[in-house]
Structures are given as C-alpha cells and as structure tokens.
Amino acid sequence: MSCPLASDALPAEMAKTAIPLENATSYPKAGELALTCISAGSIKGLPPGVFFDLGVFYGDGGRLLFPFGWLMANICAEIVADDLLYAKTSLEKIRNNGACKLTIGPV
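These figures come from a predicted structure and were not determined experimentally. (Residues numbered from 1 in each chain as written. Predicted model: local features only at pLDDT ≥ 70, side-chain atom pairs only at ≥ 80, totals over all residues. Heavy atoms only, no water.)

1. Concerning the side chain of threonine 36
Among the secondary structure elements, threonine 36 is positioned in strand E3 (residues 32–38). Contacts of threonine 36, omitting those with residues within four sequence positions, involve Phe51, Phe52, Asp53, Leu64, Phe66, Leu71, Met72 and Ala73. (Helix = DSSP H or I, 4+ residues; strand = E, 2+ residues; numbered from the N terminus. Contact = heavy atoms within 4.5 Å.)

And the structure:
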C-alpha cells in the first residue's frame, strides 16, 4: 500500500531534505516498510519539493514500480511477525474500501 507523505505533515527539516539510499531495494518483502524519497524537481509531474512515499508491504511479491518507472526505497521499518496477519487484514480492508487516515507509530 502506497502512502504519499505530504510535505506539510513532516518536520520542516525533513520536508526539505532528500534522504540518500541505504538498505535499499525495489522488491520489499512482506512486513517491510519502504521509504521512497525523490529529490525536488527530478521527476516531472510531482508536487513541488522533495517527494516522500511510505510503502507498507503486507505480502510477498511487492515491487516499487511507480507510474513514472522503477524506484528503489529504503527499508526503514518492519512489522513484527506476530502483527503481520492483523496488518494484512487491515491493509486489505483499506485497499478494498478506499482512502483513509493512517497513523503509524511505535508501540
């Protein structure tokens, strides 16, 4: 599931700073959260400023193929194995029912 992150919802310094690739992949595994960061002005059609997207992968076979091509993203977090089934069920509901507000935080 792709979660574009609005610049105004991020800390000011983060919203202006491109994040370099580290622990990057184009094929995240189930349970991985992948942070995509695209430098300002590098891809036509994106909003102004640095573009961020958080991909939440709840099944295997995921890939980072955006409308403008293949990208790599940093694996920045992981859903623990005990919570993966609950996450998968919840994320499938979102996918089937449409957009919602999603809050992600430490437990």
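And the narrative resumes.
2. Remarks on the sheet that holds strand E7 (residues 73–78)
Spatially, the five strands line up as an open sheet ordered E1-E4-E3-E7-E2, and their pairing is antiparallel. Each edge of the open sheet carries a strand with a single partner, namely strand E1 (2–5) and strand E2 (24–25). (Pairing = 2+ DSSP bridges.)

3. Re the pairing of E7
Relative to E7, E2 is paired through two bridges, and the arrangement is antiparallel. Counterpart to alanine 24 in the pairing with E7 is asparagine 74. Relative to E7, E3 is paired through four bridges, and the arrangement is antiparallel. The residue bridging leucine 33 from the neighbouring strand is alanine 77, located in E7.

4. Focus on the state of the cysteines
Any covalent bond linking the sulfur atoms of two cysteines counts as a disulfide. This model, assessed by the stated rule, comprises zero disulfides. Counting only cysteine sulfurs, cysteine 76 is the nearest neighbor of cysteine 37, a cysteine outside any disulfide, at a range of 11 Å. In this structure cysteine 37 comes out as buried when scored by relative accessible area, which is 18%. Left without a disulfide partner, cysteine 76 is nearest to the cysteine sulfur of cysteine 3, which lies 11 Å away. (Disulfide = S-S within 2.5 Å. Buried < 20%, exposed > 50% of the residue type's maximum accessible area, 1.4 Å probe, protein only.)

5. Comments concerning the nonpolar core
Leu33, Phe52, Leu54, Val56, Ile79 and Leu91 are the most contacted members of the largest nonpolar core, which has 15 residues in total. Elements with a minimum of two residues in this core: E3, strand E4 (51–56) and helix H2 (81–97). For leucine 54, the contacting residues outside a window of four places in its chain are Met1, Ser2, Cys3, Leu5, Leu33, Ala34, Leu35, Cys76 and Ile104. Counting nine residues, the second-largest nonpolar core is a separate cluster that includes Ala34, Ile38, Leu64 and Ile75. (Core = buried A, V, L, I, M, F, W, Y, C linked by side-chain atoms within 4.5 Å.)

6. Things to note about the environment of serine 2
Secondary-structure assignment places serine 2 in strand E1. Once you skip the residues sitting within four places of it in the chain, serine 2 turns out to touch Asp53 and Leu54. Side chain to side chain, serine 2 and aspartate 53 meet in a polar contact 2.5 Å long. (Polar contact = N/O pair within 3.5 Å; in protein donor to acceptor, adjacent residues only side chain to side chain.)

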